[in-house]
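Here's the letter readout for the chains.
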Amino acid sequence: MHPDDPRVVKKWNELTQIFIQNEESTIAYLNSCCKENVDWISEIFEDISEQLQSSRFIECIEQLAIKYPDLNLEQDILYAKEVLI
């Protein structure tokens, strides 16, 4: 799908629901993701974080930012941290 396709938001919602089902599996998956997948999934880091309420998830995405510095994940991580209660 093209990033401007309106169906993208629906897919992001579906992916969020998948990723919040099991934190351990989500972290394992993200740690094994290629750079392109991390880039796409980073669009929903905030939504995943809001649902999981997990410092482990934040640590995982911070490690992804180190692993893939050219993705500029800092803003996505900031938003993910802001939704923690």
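Residues numbered from 1 in each chain as written. Predicted model: local features only at pLDDT ≥ 70, side-chain atom pairs only at ≥ 80, totals over all residues. Heavy atoms only, no water.

### Section: the pattern of salt bridges
- What the rule picks out here adds up to 7 salt bridges.
- E14 is paired through a salt bridge with K10; the nearest N and O atoms lie 3.7 Å apart. In this pair, E14 and K10 both sit in helix α1 (residues 7-19), 4 residues apart, roughly one turn of the helix.
- Judged by relative accessible area, which is 54%, K10 ranks as exposed.
- A salt bridge links K81 to E62; its shortest N-O distance comes to 2.8 Å. With K81 in helix α6 (residues 74-82) and E62 in helix α5 (residues 55-67), the pair connects residues that are 19 residues apart, well separated along the chain. (Salt bridge = Lys/Arg side-chain N within 4 Å of Asp/Glu carboxyl O. Helix = DSSP H or I, 4+ residues; strand = E, 2+ residues; numbered from the N terminus. Buried < 20%, exposed > 50% of the residue type's maximum accessible area, 1.4 Å probe, protein only.)

### Observations regarding α5
- The end-to-end C-alpha distance of α5, which contains 13 residues, comes to 18 Å, matching closely the 18 Å that a straight helix rising 1.5 Å per residue would cover.
- Of all the residues in α5, the buried ones are F57, I58, C60, I61, L64 and A65. The arc enclosing the buried residues of α5, seen along the axis, measures out at 160°, which places them on a common side.
- Residues of α5 that are buried make contact with α2 (23-32), α3 (35-41), α4 (45-52) and α6.
- N-cap assignment for α5: the residue whose side-chain oxygen lies 3.1 Å from the backbone N of R56 is S54. (Expected span 1.5 Å × (residues − 1). Arc of directions from axis to C-beta. Contact = heavy atoms within 4.5 Å. Polar contact = N/O pair within 3.5 Å; in protein donor to acceptor, adjacent residues only side chain to side chain.)

### Topic: the nonpolar core
- Core analysis: the largest hydrophobic core is formed by 21 residues, its most contacted members being L30, F45, I61 and L64.
- Examining the composition of this core, we find that 6 residues originate from one element, α5, more than from any other.
- Ignoring sequence-local partners within four residues, the contact set of I61 consists of L30, F45, L73, I77 and A80. (Core = buried A, V, L, I, M, F, W, Y, C linked by side-chain atoms within 4.5 Å.)

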